[in-house]
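Survey of secondary and tertiary structure
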Amino acid sequence: VDSGRSDDDSDVEQLNEICNSNSDKFADDQENDPTLAKGFEMAKRGKGGYLIEDRLLFRTEKLFDKPVKLLCVPLARRSEVLHLAHSTSHQAMRKTRDRIRISGLTWDTLAADCRRYCSSCKDCQLRARITCFDRVPIWPAESAQQPFQYWVMDSAGKQLHDAEVEYYCLTRVC
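Just so we're clear, the structure is a prediction, and the values are computed from it rather than from any experiment. For every chain, the first residue of its written sequence is number 1, and the numbers climb from 1 along that sequence. Local features in a predicted model are, by the rule used here, given only for residues with pLDDT of at least 70; side-chain atom pairs are given and counted only at 80 or more, and totals for whole chains, interfaces and linings are based on all residues. In computing side-chain values, all of the structure's heavy atoms are included and hydrogens and water are not.

1. Describing helix α2 (residues 23-32)
Relative accessibility thresholds used throughout: buried, under 20% of the residue-type maximum; exposed, over 50%; partly exposed, between the two (1.4 Å probe, protein chains only). Only DSSP runs of H or I with at least four residues qualify as helices, and only runs of E with at least two residues qualify as strands; both kinds are numbered from the N terminus onward. All buried positions along α2 are accounted for by F26, A27, D29 and Q30. One side of α2 carries all its buried residues, which in axial view fall inside an arc of 160 degrees. It is the directions from the helix axis to the C-beta atoms whose arc is reported.

Dropping the structure here:
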């Protein structure tokens, strides 16, 4: 039976459960996290879009041109959030970051952590397209000093098909 919910909805719920499973423990994790100390200081001064509600640290950001309160995730829970946001669909860094932010979570080094996590994902590395860079430097072709000094010829394949005769095109450029 189809419940009418998409996989993205269930992923968002799982991300929220990580952070809301025990709000007192989560608040303690935030307060004891040295990476969020600067955020708490800024919230106390009312700067940087940080605010504290019920002992939880939030940051106000714009998503889709609307201000949204995003819950700041402590360092101890970031790997779980990254794993859940990335491993369900193996999207690139930007979509993984957006999925986390849309679910209402954030932290200072979110973009860098998403980039690091996505680039270290074994499944993504195995499926990544192979790129080949031409490392031969490109130099401009020398032009002839005198007319007709250089001749270049090329042939184009079968142009007209006849049962008895095959026609080719010979091109000369000087």
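Here the narrative resumes, following the displayed structure.
2. Regarding the sheet that holds strand β3 (residues 66-72)
On the basis of which strands lie adjacent, the open sheet formed by 4 strands has the order β1-β2-β3-β4 and mixed pairing. This sheet does not close on itself; its edge strands, each paired only once, are β1 (50-53) and β4 (105-106). Alignment of β3 against β4, held across 2 bridges, turns out to be parallel. Within β4, the residue paired with C72 across the bridge is T106. Strands are labelled as partners when DSSP assigns at least two bridges between them.

3. A few points about the pattern of salt bridges
Opposite charge on two side chains lets them pair, provided their charged atoms get close. Put simply, a salt bridge is a Lys or Arg side-chain nitrogen that is within 4 Å of an Asp or Glu carboxyl oxygen. Enumeration over the complete set of coordinates arrives at 12 salt bridges. Measuring nitrogen to oxygen at the nearest pair gives 3.7 Å for the salt bridge that ties K25 to D29. Of this pair, K25 and D29 both sit in helix α2, 4 residues apart, which is roughly one turn of the helix. Here the residues in one salt-bridge network are D24, D28, E31 and R55, joined through shared partners.

4. Topic: the environment of I102
In this structure, I102 sits in helix α5 (residues 93-102). The exposure class assigned to I102 is partly exposed, which follows from its relative accessible area of 48%. Along the primary structure I102 and F64 are separated by 38 residues, whereas in three dimensions their C-alpha atoms are 9.7 Å apart. Beyond its immediate chain neighbours, meaning those up to four positions away, I102 contacts L63 and F64. The contact rule is simple, with two residues in contact once any of their heavy atoms fall within 4.5 Å.

5. Concerning unusual backbone geometry
Most of the time, phi is negative for any residue but glycine, and the peptide bond is trans. One non-glycine residue, R55, lies in the positive phi region at around 70 degrees. Residue position: R55 is located in the loop between β1 and β2 (56-63). On the accessibility criterion, R55 (35% relative accessible area) is partly exposed.

6. As for the confidence of the model for the protein
In low-pLDDT segments, the atomic positions of the prediction should not be examined closely. When the pLDDT values of the protein are averaged, the result is 80; 78% of them are 70 or greater. Scored from 0 to 100, pLDDT records how confident the predictor is in each individual residue. When mean pLDDT is taken per element in the protein, helix α6 (residues 110-120) scores highest with 91 and helix α1 (residues 7-20) scores lowest with 60. Counting contacts from residues 1-5, a segment whose pLDDT is below 50, to residues more than four positions away or on other chains yields 2 contacts.

7. As for the packing of aromatic side chains
Aromatic rings from Phe, Tyr and Trp, taking only the six-membered ring of Trp, are treated as a pair when their centres fall within 6.5 Å; an angle between ring planes under 30 degrees marks them as stacked, one over 60 as edge-to-face, and anything in between as tilted. Taken as a whole, this structure holds 0 aromatic pairs when the rule is applied. The side chain of K69 reaches across the aromatic face of F58, ending 5.1 Å from its centre. Note on geometry: a ring has a charge over it if NZ (lysine) or CZ (arginine) is within 6 Å of the ring centre and within 35 degrees of the ring normal.

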